[in-house]
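Coordinates in review
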Amino acid sequence: MNSRFSKIAQAADGRYFSAEERQTFRSFADSLPQRIGAAEAVEQKEEAVIRTVLEQLQQRYPNFAKYHDQAWARQFRDVQLVLRAGVQAMVFDDVHRLDDKMLYWLRSMFAASNYSPRFVRDCFESLREQMKASLKHEDFDLLRPYLDRNIEVLGDFPEPAAPAA
């Protein structure tokens with residue numbers, strides 16, 4: 001459940017929802033069809049977009065595969081998981097869902113695997129740009145806060161002593 005709705009429900013325990021609380025629920029419900037439509041559009045574009053992102057990374061980081069077992073297959077999987085988690089968070093209209101379900105965990109995996117923060121930021125900046133180029137403006141606008149959050153959280157870890165990217 002959306003953390004905002006959980007807080008509203010807890011605060012309203014034993015009473016009826018206030019007019020403001022009811023409006024919050026109505027706004028969520030009214031925007032749900034648009035968010036579901038954007039999720040469907042992302043699903044249709046997912047594979048082509050991720051392949052383009054990885055092609056760009058392969059050109060920019062030609063030695064990446066030397067340092068990581070199944071590097072590009074794993075990177076495809078990681079980008080796919082992050083994108084899907086972001087789409088779910090968008091549908092729920094809850095950025096904290098993205099943080100809790102995916103970003104903090106994956107950031108620790110990137111750091112433990114000696115990824116450079118620059119590689120991670122480049123990857124997810126490219127994902128954002130490819131999504132912008134592939135989606136209708138209104139669909140991208142719904143997804144953008146989650147794509148921005150990916151860059152903000154995933155690229156925020158110390159530079160490893162010996163980067164492997």
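The model shown is predicted, which means the values in this text are computed figures rather than measured ones.

1. Observations concerning the packing of aromatic side chains
- All chains considered together, the criterion is met by 10 aromatic pairs.
- For the pair Phe 5 and Phe 25, a centre-to-centre distance of 4.8 Å together with 20° between the ring planes defines the contact as stacked. Note that Phe 5 is positioned in helix α1 (residues 3–11) and Phe 25 in helix α2 (residues 19–60), a separation of 20 residues in sequence.
- Overall, Phe 5 belongs to the buried group, its relative accessible area being 6%.
- Assessed through its relative accessible area of 27%, Phe 25 is described here as partly exposed.
- Measuring from centroid to centroid gives 6.4 Å for Trp 72 and Phe 119, while their planes differ by 50°, and the two rings are tilted. In this pair, Trp 72 is assigned in helix α4 (residues 71–92) and Phe 119 in helix α6 (residues 117–134), connecting sequence segments 47 residues apart.
- On the basis of relative accessible area, Trp 72 is assigned to the buried category, the value being 16%.
- Judged by relative accessible area, which is 0%, Phe 119 ranks as buried.
- Above the face of the Phe 5 ring, Arg 4 is positioned so that its terminal group lies 5.3 Å from the ring centre.

2. Thoughts on the nonpolar core
- Ranked by internal contacts, the top residues of the largest apolar core, which has 43 residues, are Leu 83, Phe 124, Leu 127, Met 131 and Leu 143.
- At the level of elements, α2, α4, α5 (95–112), α6 and α7 (137–154) are the ones that each hand at least two residues to this core.
- The element best represented in this core is α4, accounting for 11 residues.
- Among all residues touching Met 131, those that are not within four sequence positions of it are Val 42, Val 49, Leu 83, Phe 140, Leu 143 and Leu 147.

3. Comments concerning the environment of Glu 138
- Take Glu 138: it is sitting in helix α7.
- Separated by 123 residues in sequence, Glu 138 and Arg 15 have C-alpha atoms that sit 37 Å apart.

4. Some remarks on the side chain of Gln 75
- Take Gln 75: it is sitting in helix α4.
- Those residues in contact with Gln 75 that sit more than four places away from it in its chain are Leu 54, Phe 64, Phe 110, Tyr 115, Phe 119 and Cys 123.

Rules used in this analysis
- Here the residue numbering is sequential within each chain, running from 1 through the sequence in written order.
- Predicted model: local features are reported for residues with pLDDT of at least 70 only, side-chain atom pairs are reported and counted for 80 or more only, and whole-chain, interface and lining totals are derived from all residues.
- Hydrogen atoms and water are omitted, and side-chain values are computed over all heavy atoms in the structure.
- Note on aromatic pairs: the rings of Phe, Tyr and Trp (six-membered ring only in Trp) are paired at centre separations within 6.5 Å, and the planes decide the class, stacked below 30 degrees, edge-to-face beyond 60, tilted for the rest.
- Secondary structure elements are defined from DSSP: runs of H or I of at least 4 residues count as helices, runs of E of at least 2 residues count as strands, and each element is numbered from the N terminus.
- Note on classification: 1.4 Å probe, protein chains only; a residue is buried when its accessible area is under 20% of the maximum for its type, exposed when over 50%, partly exposed between these limits.
- Whether a charge lies above a ring is judged from NZ of Lys or CZ of Arg, which has to be within 6 Å of the ring centre and within 35 degrees of the ring normal.
- In plain words, nonpolar cores are sets of buried Ala, Val, Leu, Ile, Met, Phe, Trp, Tyr and Cys residues tied together by side-chain atoms within 4.5 Å.
- Contacts between residues were defined by any pair of non-hydrogen atoms, one from each residue, lying within 4.5 Å.

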